[in-house]
Structures are given as structure tokens and as C-alpha cells.
Amino acid sequence: MRYTLTLLCFTLTATGLGQTTVYDFLRLDRSARIAALGGNSVSLAGDIASFFQNPAVLDSSTHKQASFSFQKHVLDINSGFVAYGRTLPGIGQFGAGISVVSYGNFEETDAVGNTTGSFSAGDFALQIGYAVQPSTLWLWGVACRGSTEIHLFQHSGIPLYGSGSRRGPFACCAQ
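Residues numbered from 1 in each chain as written. Predicted model: local features only at pLDDT ≥ 70, side-chain atom pairs only at ≥ 80, totals over all residues. Heavy atoms only, no water.

Student: Honestly, the overall build of the protein chain in this entry has me stumped. Any pointers?
Tutor: When helices and strands are counted, the protein chain shows 2 helices and 6 strands. Per-residue burial for the protein chain yields a buried fraction of 30% across its 175 residues. Counted over contacts in the protein chain with a minimum sequence separation of 6, partners at least 24 positions apart contribute 40%. Accessible surface, the protein chain as shown: approximately 11,200 Å² in total, 64% of it carbon and sulfur. (Helix = DSSP H or I, 4+ residues; strand = E, 2+ residues; numbered from the N terminus. Buried < 20%, exposed > 50% of the residue type's maximum accessible area, 1.4 Å probe, protein only. Contact = heavy atoms within 4.5 Å. Areas by Shrake-Rupley, 256 points an atom, 1.4 Å probe, with all protein chains shown as cover.)

Student: Quick question: what am I supposed to make of the environment of asparagine 105 here?
Tutor: Locating asparagine 105 in the fold gives a position in strand β3 (residues 92–109). Accessibility expressed as a relative area gives 61% for asparagine 105, which makes it exposed. Between the C-alpha atoms of asparagine 105 and serine 120, which are 15 residues apart in sequence, the distance is 4.4 Å. With residues near it in sequence (within four places) discarded, asparagine 105 still touches Asp76, Phe119 and Ser120.

Student: What's the story with the packing of aromatic side chains in this structure? I'm lost.
Tutor: Ring pairs (aromatic) are described by centroid distance and by the angle formed between their planes. This structure, assessed with the given rule, holds 5 aromatic pairs. With a centroid separation of 5.5 Å and an interplanar angle of 50°, the aromatic rings of phenylalanine 51 and phenylalanine 52 are classed as tilted. Judged by its relative accessible area of 7%, phenylalanine 52 is buried. For the pair phenylalanine 52 and phenylalanine 81, a centre-to-centre distance of 5.5 Å together with 90° between the ring planes defines the contact as edge-to-face. Note that phenylalanine 52 is positioned in the loop between α2 (32–36) and β1 (65–72) and phenylalanine 81 in strand β2 (residues 78–88), a separation of 29 residues in sequence. Here phenylalanine 52 matches phenylalanine 81 in class, with each residue buried. Through successive ring pairs, a cluster of aromatic residues spans Phe51, Phe52 and Phe81. (Phe/Tyr/Trp six-rings, centres within 6.5 Å; stacked < 30°, edge-to-face > 60°.)

Student: Whenever I open this one, the pairing of β1 confuses me. Can you help?
Tutor: Remark: a regular strand shows side chains that alternate across the two faces of the sheet. Of the pairings in the sheet, the one linking β1 to β2 comprises 8 bridges and is antiparallel in character. Counted as the bridge partner of phenylalanine 70 is glycine 80 from β2. Counted along the chain from β1 to the antiparallel partner β2, the turn is 5 residues long, and its residue leucine 75 has a positive phi close to 55°. (Pairing = 2+ DSSP bridges.)

Student: Would you explain the pairing of β2 in this entry?
Tutor: Judged from the 11 bridges that link them, β2 and β3 form a sheet pairing that is antiparallel. Paired with glycine 85 across the two strands is glycine 95, which belongs to β3. Where β2 folds back onto β3 in an antiparallel hairpin, the turn is made up of 3 residues, including glycine 90, whose phi is positive at roughly 80°.

Here you go:
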């Protein structure tokens, strides 16, 4: 009885250790500078890569500033981002960025383990932001972000086709 109770407690604890959040790829550090700060760059002005955490960092110092990064993780996992900022006089500061993660290629098998094809998976996010400075003491910003999963399948004798699942305001269907 004691052994069964211990095993049950261990099983219930182990199941609670799984993934409990979604969109974890959005938590990845966008640049080496942000990673060196522990991923906390909410007040790091003058760096367009900080716009992913806080759109209010868009100011005149990010005018015509572009940033990109590519990280090669373990196995076939790759990630990267591109961001660009622009100031429109009399209107405010704008920024746009794309964040991409590719999880590599996987073999697709049937119930008995026979290979039937392959597929790859990834995540994609687009962020658009706007900031304005109403006085010398205040700077505020707002951002809109949409993300989606991308799955590409290749079956034997069947051409490549794609499917997307709706996550956020954007849907994706790759052909």
C-alpha cells in the first residue's frame, strides 16, 4: 500500500512538470545584448531589438535602425529575428519585427513504425509597434503581435503541402 501511494504521488508530481505555457518561443532572447542582461531589457533605450519586450523604447535613436540575429541551437533547431524602426515626424515612432523558430525535420511513421514521410515544424511571429513621446518625461508605446505554427509535410509520392494552426490573430497556410 505504501509503495502504491508513493508511486501515485511520484506520477502526479511528474505530470505537473510538463509545459504549462504556450508561445514559449516568444521568450527567446532576440540579441546578445539582451541575453547578457538576462532577458530583461524593458528599459533599454536605443536598441531596436528591445522593442520586442517594450514598444515604448522606440524613440528618435531607433530611427532607421535595423537589427537581425540568427541562433543555431542544439540538433536542428534554429531561430532568428529581424526588426526595423522608423520615425515619422509629427506622428511618432514605428517599429516592425519578425521572429522565426524552426524545429528541424522529423520522420513521420505509422502505428507500426514504418516511415511514411517527413515533416518539419516551426513558429512565426510578427510584431508591429508604435510609440510617442508626449513630453520630455513620458514615453509610451503599444504593440500588436500575431503568431502561428507552421507544419510542412512530405509524403512518399505526394508533393509538399502545408498546414497551419490558428494561434493569435494570424493564420498561416504554406504551399
